[in-house]
Amino acid sequence: MVFLRSINWISKTKRIMRGIKIKELLKGEKVGEHVIVKGWVRTFRSNRFIALNDGSTSGNLQAVVDFEKFDEAQLKRVTTGASVALEGTLIESLGQGQDYELAVESLEILGDSDPNEYPLQPKKHSLEFLREIAHLRVRTNTFGAIYRVRHAMIYAVHKFFNDKGFYNVHTPIITGSDAEGAGEMFRVTTLNIDNPPRTEDGKIDDSQDFFDRETNLTVSGQLEGETAALALGEIYTFGPTFRAENSNTSRHLAEFWMIEPEMAFYDLQDNMDLAEEFVKYLVSYALENCKDDLELLDKRAADEDKTKPQNERSEMGLIERLEFVKNNDFERVSYTEAIEILKRSKPNQKKKFKYLINEWGADLQSEHERFLVEKHFKKPVTLYNYPANIKAFYMRLNEDEKTVAAMDVLFPGIGEIIGGSQREERYDVLKKKITDMGIEEKDMWWYLDTRKFGTAPHSGFGLGFERMIQFITGMGNIRDVIPFPRTPGNAEF
Ligand code: 4AD
Ligand code: MG
């Protein structure tokens, strides 16, 4: 009996040992209670004040040690970056800057951090420097906030669609088809790349590869998503996508996450409505649930703005911008109307655009998109009905036979955040387009089957998750909103 009781006691103390989160302590409900907290030291001032962070919030817990009661050698080990376990009583703070603090009674160093080597010092580091230490940058206030907001947005995506009755579908990551027909894919192979087997005409013999065929990392889950929509009605995917495009910009990643809803019986109008509702929902969710982190990021963005020349500064602060998107309808403009606006625009007349807009059919560059959003309409813009020949094969041909029922949502500071369309559901029209665009029909047999058996009008779109996170966090570079960015020349970590 005695023996059993002692085991029980051990397991109980173990559970208490896990400690309490700083986010909970800062609410102040535990004043007077004896608690254990664990985290990483941000700073240790005057041999007395520890600023402790455990990642549960951007706020630090001030922990006060009475250095006369502690071993000097131990206090020397309380350095920036060290991980510690503190035991003590939560009290109301008399000092300025915090409402509550921990009066430390015992202190244990869990992991030392040599201050001469630890790269994160309690000062401002540039984002470029932090990218080089992506394994540690999550320990800064800015990146802690970004990771937490990113998490909240992942949850909000699933909540939005689940509440609407959409089903989440996992589409394959390794595929044999090029969904966008753009040929910007990463090859997946187990062939010996130094000496691959070859066919008689000297080409690589894919039939000897792992999948008996050529395969790549997916650029989009859309085509497989469509097969599910044509049975389940409303679905969405949320997965990693890969593009081997050599774009070294602040908005392109080689590996990014995309949300792709696909809906049976939706036309382009329904599709645009859903896209707008979805984006507004995400913004509202962040405003309601990530208040502290957004305030921190708002301040960071404002500080960064001050270092820029006057004409490059944002007219609105981060939170102001989010409120604006939440409360205003997006402008809906056809491609044809947009071309007219651009043709007549000042930068076009004065030849300030790098690519001048002379005629209908021109592909819009980001300078044009930004002009429409930031200068002309001053709000998010949904452009629709693009020329057929600048868009993907699966988009539905309009009555005019010149345009397709495509839509792009353009955001201030970001440019294209969503791309989508009503899909070509007519078998013959789709088949002709596949041939005309030089796509292998034999690879598309299963996709064409969906148009052969019970085809139905349907639509969908893709939201670039990182571009959305850029907008919500106000971060200028997409490399700073994904934990470990993959870009041309960079796959460290
Ligand atoms: O416009 P995209 O290429 O459309 C598709 O892939 C469609 N299959 C989507 C669909 O209809 N289901 O890409 C969609 C979005 C873009 O608007 C952009 O936000 C993002 O994905 N995106 C990228 N984000 C980061 N890095 C890149 N290299 C991106 N390429 C596209
Ligand atoms: Mg696009």
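Every residue gets a number counted from 1 within its own chain, in the order that chain's sequence is written. The lettering of chains begins at A and the numbering of ligands begins at 1, in the order of writing. Where totals are concerned, whole chains, interfaces and linings use all residues; where local detail is concerned, this predicted model gives features only for residues with pLDDT of at least 70, and gives and counts side-chain atom pairs only at 80 or more. For side-chain calculations, the full set of non-hydrogen atoms in the structure is used, while hydrogens and water are omitted.

A.B. asks: Can you walk me through the site of ligand 1 in this structure?
C.D. replies: The rule for a residue being near a molecule or strand is that one of its heavy atoms must lie within 4 Å of it. Among the 24 residues in the neighbourhood of ligand 1, the closest are listed as Glu180, Gln222, Arg243, Glu260 and Glu416. Under this definition, polar contacts are N or O atom pairs within 3.5 Å; protein pairs additionally need one hydrogen-donor-capable and one acceptor-capable atom, and for neighbouring residues in sequence, both atoms have to be side-chain atoms. Here Glu245 contributes a side-chain N or O atom positioned 2.8 Å from a nitrogen atom of ligand 1. Note on areas: Shrake-Rupley with a 1.4 Å probe; residue coverage comes only from the protein chains shown. Within the complex, 93% of the 620 Å² of free accessible area of ligand 1 lies under protein. Of all elements in the fold, only strand S11 (255-264), strand S15 (415-422) and strand S16 (458-464) reach the threshold of two or more residues within the shell around ligand 1. Starting at the N terminus, helices and strands are each numbered in turn, a helix being any DSSP run of H or I of at least four residues and a strand any DSSP run of E of at least two. At five residues, the largest contribution of residues to the shell around ligand 1 is made by S15. When residues are grouped by polarity, Ala, Val, Leu, Ile, Met, Phe, Trp, Tyr, Cys and Pro land in nonpolar, Asp, Glu, Lys and Arg in charged, and all others, Gly among them, in polar. Partitioned by chemical class, the residues of the shell around ligand 1 number eight nonpolar, eight polar and eight charged.

A.B. asks: Hey, could you run me through the packing of helix H5 (residues 141-164) against helix H8 (residues 291-306) in this one?
C.D. replies: A packed helix pair is summarised by two numbers, namely the angle formed by the two axes and the spacing between the axes. Helix axes use the C-alpha atoms of the stretch in contact, all axes being lines fitted to C-alpha atoms, and the angles between their N-to-C directions lie in the range 0 to 180 degrees. Packing of H5 against H8 leaves a shortest axis separation of 9 Å and a crossing angle of 130°. Between H5 and H8, the angle is such that the two are oblique. The two elements H5 and H8 cross, and the hand of that crossing is left-handed. Contacts between H5 and H8 involve Asn141, Thr142, Ala145, Ile146, Arg148 and Val149 from the former and Asp293, Leu294, Leu296, Leu297 and Arg300 from the latter. Looking at the contact of H5 with H8 residue by residue, the classes come out as six nonpolar, two polar and three charged. Orientation categories follow fixed angle ranges, with anything under 35 degrees roughly parallel, anything over 145 roughly antiparallel, 65 to 115 roughly perpendicular, and all other angles oblique. Helix crossings get a hand from a simple test, with the near helix turned counterclockwise from the far one by less than a right angle marking a left-handed crossing and a clockwise turn marking a right-handed one. For this analysis, residues touch if any pair of their heavy atoms sits within 4.5 Å.

A.B. asks: Can you walk me through helix H6 (residues 222-232) in this structure?
C.D. replies: Since the α-helix packs 3.6 residues into each turn, any two residues three or four apart lie on the same face. Exposure categories follow from relative accessible area, calculated using a 1.4 Å probe and restricted to protein chains: below 20% of the type maximum is buried, above 50% is exposed, and the middle band is partly exposed. Turning to H6, its buried residues are Gln222, Leu223, Glu224, Gly225, Glu226, Ala228 and Ala229. Check the buried side of H6 and you find it contacts strand S7 (174-175), strand S10 (234-242), S11, helix H14 (445-452) and S16.

A.B. asks: Just to check I follow, could you spell out the pattern of salt bridges for this structure?
C.D. replies: If charged atoms from side chains of opposite charge come close, those side chains can pair. Each reported salt bridge corresponds to a side-chain nitrogen of Lys or Arg within 4 Å of a carboxyl oxygen of Asp or Glu. This structure, assessed with the given rule, holds 35 salt bridges. A salt bridge links Asp206 to Arg187, with the nearest nitrogen and oxygen atoms 2.6 Å apart. One end of the pair, Asp206, is in the loop between strand S8 (187-188) and strand S9 (215-217); the other, Arg187, is in strand S8, with 19 residues separating them in the sequence. Residues Arg423 and Glu262 are paired through a salt bridge, measuring 2.9 Å at the closest nitrogen-oxygen approach. One end of the pair, Arg423, is in the loop between S15 and helix H13 (427-436); the other, Glu262, is in strand S11, with 161 residues separating them in the sequence. For Arg423, a relative accessible area of 1% translates into the label buried. Connected through salt bridges with shared partners, the residues Asp273, Glu276, Lys280, Asp329 and Arg332 form a single ionic network.

A.B. asks: Looking at this structure, I do not really get empty space enclosed by the protein. What am I missing?
C.D. replies: Remark: the empty space left among the atoms is shown by a probe the size of a water molecule rolled over them. Put simply, the grid is 1 Å and covers the protein atoms alone, a cavity is a trapped set of points that fit a 1.4 Å probe, a pocket is an open set with protein on both sides within 12 Å along at least five of seven lines, and lining residues have an atom within 4 Å of a point. Grid points are joined across faces, edges and corners, and a volume is the space filled by probe spheres set on the points. With the rule as written, the count across this model stands at one cavity of 30 Å³ or more. The volume enclosed by the largest cavity comes to roughly 30 Å³. What lines the largest cavity is simply Arg137, Phe143, Ile146, Tyr147, Asp480, Val481, Ile482 and Pro483. By residue class, the composition of the lining of the largest cavity is six nonpolar, no polar and two charged.

A.B. asks: How do you make sense of the pairing of strand S2 (residues 49-53) when you look at a structure like this?
C.D. replies: In the case of a regular strand, side chains alternate between the two sheet surfaces. When you tally the buried positions in S2, you get four out of five residues, the bulk of the element. A pair of strands counts as paired when DSSP detects no fewer than two bridges linking them. Of the strand pairs in this sheet, strand S1 (residues 34-45) and S2 are connected by five bridges, and their pairing is antiparallel. Bridging across to S2, Trp40 finds its partner in Asn53. Here S1 hands over to S2 after three residues, with Ser46 in that stretch at a positive phi of 50°. Bridge count between S2 and strand S3 (residues 61-64): four bridges; the pairing is antiparallel. Looking across to S3, one finds that Ala51 is bridged to Gln62.

A.B. asks: Any chance you could explain the side chain of Gln470 here in plain terms?
C.D. replies: Along the chain, the position of Gln470 falls in helix H15 (residues 465-473). In this structure the side chain of Gln470 is engaged in a polar contact, spanning 3.4 Å, whose partner is the backbone oxygen of Ser250. There is a polar contact of 3.0 Å between the side chain of Gln470 and the backbone oxygen of Gly476. With near-sequence residues (within four places) excluded, Gln470 lies in contact with Ser250, Arg251, Ile414, Met475, Gly476, Asn477, Ile478 and Val481.

A.B. asks: Whenever I open this one, the sheet that holds strand S12 (residues 331-334) confuses me. Can you help?
C.D. replies: Backbone-to-backbone hydrogen bonds pair the strands of a sheet. The strands run either parallel or antiparallel. Strand order in the open sheet made by the eight strands is S6-S10-S11-S16-S15-S14-S13-S12, with mixed pairing throughout. Where the open sheet ends on each side, the last strands, each with one partner, are strand S6 (167-168) and S12. Alignment of S15 against S16, held across five bridges, turns out to be antiparallel. Residue Gly420 lies in a different strand from S16, and its bridge partner there is Phe461. Where H15 meets the sheet, its contacts fall on S10, S11, strand S14 (403-411), S15 and S16, and the angle it forms with S16 comes to roughly 55°.

A.B. asks: How should the packing of aromatic side chains be read in this particular structure?
C.D. replies: Given two aromatic rings, their pairing is described by the distance between the two centres and the angle made by the two planes. Any two of the Phe, Tyr and Trp rings considered here, Trp counted by its six-membered ring, make a pair once their centres fall within 6.5 Å; the pair's planes then place it as stacked at under 30 degrees, edge-to-face at over 60, or tilted in between. Tallied over the entire structure, the rule returns 21 aromatic pairs. Their ring planes at 45° and their centres at 5.0 Å tell us that Phe161 and Phe166 sit as a pair that is tilted. Phe166 shares its class with Phe161; the two are buried. Taking 5.7 Å as the distance between ring centres and 40° as the angle between the ring planes, the aromatic pair formed by Tyr335 and Tyr386 counts as tilted. Note that Tyr335 is positioned in helix H10 (residues 335-344) and Tyr386 in strand S13 (residues 381-387), a separation of 51 residues in sequence. Taking relative accessible area as the criterion, Tyr386 reaches 3% and is therefore assigned buried. Note on geometry: a ring has a charge over it if NZ (lysine) or CZ (arginine) is within 6 Å of the ring centre and within 35 degrees of the ring normal. A cation over an aromatic ring shows up here: Lys391 above the ring of Tyr386, its NZ or CZ 4.2 Å from the ring centre.

A.B. asks: Honestly, the nonpolar core in this entry has me stumped. Any pointers?
C.D. replies: A general feature of soluble globular proteins is that nonpolar side chains tend to end up buried together. Among the nonpolar cores identified, the biggest contains 61 residues, and Met153, Val157, Phe161, Phe278, Phe411, Ile418 and Ile472 are the most heavily contacted of them. Counting residues per element, this core draws most heavily on helix H7 (residues 268-289), at 11 residues. Non-local contacts of Val157, meaning those with residues more than four positions away in its chain, are made with Tyr236, Phe238, Ile259, Phe278, Leu282 and Phe465. Judged by nonpolar contacts, the second largest core, of 33 residues, contains Leu342, Leu372, Phe377 and Ala392. Here, nonpolar core refers to any group of buried Ala, Val, Leu, Ile, Met, Phe, Trp, Tyr and Cys residues whose side-chain atoms link them within 4.5 Å.

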